[in-house]
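So you can see what is in the structure, the chains are spelled out below.
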Amino acid sequence: MPEPETSTPEAAARPAHTHAATLKRLERSSGSLAAQAIARMDETLPWYRAMPPENRSWIGLVAQAGIAAFTEWFRRPDAPQAISTDVFGTAPRELTRAITLRQTVEMVRTTIEVMESAIDEVAAPGDENVLREALLVYAREIAFATAQVYAQAAEARGAWDARLESLVVNAVLSGEADEGAVSRAAALGWNSPAHVCVVLGTAPDGDSELTVEAIRRAARHAKLQVLTGVLGDRLVVIAGGSDNPLGVAKSLIGPYAAGPVVAGPVVPDLLAATRSAQAAAAGLKACSAWQDAPRPVLADDLLPERAIAGDPSAREQLVEEIYRPLEQAGAALLETLSVYLEQASSLEGAARMLFVHPNTVRYRLRRVTDVTGWSPSDVRSAFTLRIALILGRLADGDLQP
């Protein structure tokens, strides 16, 4: 009397003709199994019910392809099978964006559970354990195939997103930002925040992808939106969501290499971010002239160095935001400020030169602070005011006939 057949992996891997009856029953049942899997998903998976009909139909095709691939795999278990192609090749690549990896795992689990619950009906008498073990092995393979499909999609999407982001960052830094750059940024998840600024500094040595990821972590912690990239030796960050550029720079400064880090002024949107980027770039270039500059530093705090270095926007800003308002406030303020600075910031010396009381000089200097936002009694501010006076007089001289 022959010994009873035991269920082993070797038994599951026997030639297909050994289990011909089970194979025929599996082929006949594949349609109903796929229908049961779809019904089970509709019953137990809320995200599946909420999907548009087109995506649900694609998922149904994937479930059918999975059952068909198992049937073929059961027919020839020792033949090499490209499960990811057989199963997921029926759906468009966009489906990996429509459903998450977690949802795909739930879909596969539901389909496998339906197939497992039908084993006693589908398997020929005596083949139940063989079919069950074959299904377990197949479930492992389909899990690996799922991970592979999503890993490949993530790699392709990551590479494409990195190229898009680099295009946007380069357009902003080079002054070529347009609606196309805005569209690319939107594709990357940029939600058009109301306040935008650009932070520039030196990129660290090593893998630029690690640097970019470090910036993203810091941005998430600070609740900022960022577009970032390493261009040459510069680490560029376009940050949105805060009207405090210095605070933005401080929250993102960790990944930058040693050296100055400069934050451009806040602008209203991505199209205007070119202005912030140009100011930050000019500040980074001129920062060596202010050896005691804080880190990070605002580009506007570097206006005098930028102007001396030849930045036309800094010169214009000093003239239009300091010299012209003082000129419009009256000749007394300009004269008092000029004399005060020439007298080495001495109230008494300025009062003697102007033939007024020191309190009058003090009052006028407070008016200078109110008008310009820069205090003549502060050494750094006094330097900025002096440069503004020089540039304003040069501008007036150019206007002379």
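Here the structure is a predicted model, which is why all the values come from computation and not from measurement.

Looking at this structure, I do not really get the nonpolar core. What am I missing?
Soluble globular proteins: nonpolar side chains tend toward being buried together. In terms of nonpolar packing, the biggest core is built from 34 residues, with Met41, Trp47, Ile59 and Phe70 touching the most fellow members. The set of elements that each furnish at least two residues to this core consists of helix H2 (20-44), helix H3 (46-49), helix H4 (53-75), helix H7 (101-117), helix H8 (119-122) and helix H9 (128-174). Considering every element that reaches this core, the biggest residue donor is H4, with eight residues.

Can you help me understand the pattern of salt bridges in this one?
If you walk through the whole model with that rule in mind, you get nine salt bridges. Two residues, Arg132 and Asp120, come together in a salt bridge whose shortest N-O distance is 3.7 Å. With a gap of 12 residues between them, Arg132 in helix H9 and Asp120 in helix H8 connect regions that are remote in the sequence. Its relative accessible area of 55% is what places Asp120 among the exposed residues. Note that Arg324 and Glu327 form a salt bridge whose closest N and O atoms lie 3.0 Å from each other. Taken as a pair, Arg324 and Glu327 lie in helix H15 (residues 312-329) at a separation of three residues, close to a single helical turn. Its relative accessible area of 34% is what places Glu327 among the partly exposed residues. Connected through salt bridges with shared partners, the residues Asp300, Arg306 and Asp311 form a single ionic network.

Would you mind going over the confidence of the model for the protein with me for this structure?
Any residue range with low pLDDT should be treated as having predicted coordinates unsuitable for detailed reading. On average, residues of the protein score 83 in pLDDT, and 85% of them reach the 70 mark or higher. Scored below 50 in pLDDT, residues 1-17 shows 21 contacts in the model against residues more than four places distant or in partner chains.

Please explain the packing of aromatic side chains as it appears in this structure.
When we look at a pair of aromatic rings, we describe it by the centre distance and by the angle of the planes. As enumerated under the stated definition, the model contains one aromatic pair in all. Look at Trp47 and Tyr48: their rings are 6.3 Å apart centre to centre, the planes differ by 85 degrees, and that puts the pair in the edge-to-face class. The exposure class of Tyr48 is buried, given its relative accessible area of 4%. Cation over ring: Arg380 sits above Trp290, and NZ or CZ is 3.5 Å from the ring centre.

I'm lost on the sheet that holds strand E3 (residues 234-240) in this one. Help?
Strand pairing in a sheet takes place through backbone hydrogen bonds and is either antiparallel or parallel in direction. With respect to topology, five strands assemble into an open sheet ordered E2-E3-E1-E4-E5, the strand pairing being mixed. Looking at which strands have only one partner, the edges of the open sheet turn out to be strand E2 (225-231) and strand E5 (297-298). Across seven bridges, the pairing between E2 and E3 is antiparallel. For Gln225, the partnering residue across the bridge sits in E3 and is Gly240.

Cut-offs applied
- Residues numbered from 1 in each chain as written.
- Predicted model: local features only at pLDDT ≥ 70, side-chain atom pairs only at ≥ 80, totals over all residues.
- Heavy atoms only, no water.
- Core = buried A, V, L, I, M, F, W, Y, C linked by side-chain atoms within 4.5 Å.
- Buried < 20%, exposed > 50% of the residue type's maximum accessible area, 1.4 Å probe, protein only.
- Helix = DSSP H or I, 4+ residues; strand = E, 2+ residues; numbered from the N terminus.
- Salt bridge = Lys/Arg side-chain N within 4 Å of Asp/Glu carboxyl O.
- pLDDT = per-residue confidence, 0-100.
- Contact = heavy atoms within 4.5 Å.
- Phe/Tyr/Trp six-rings, centres within 6.5 Å; stacked < 30°, edge-to-face > 60°.
- Lys NZ or Arg CZ within 6 Å of the ring centre and 35° of its normal.
- Pairing = 2+ DSSP bridges.

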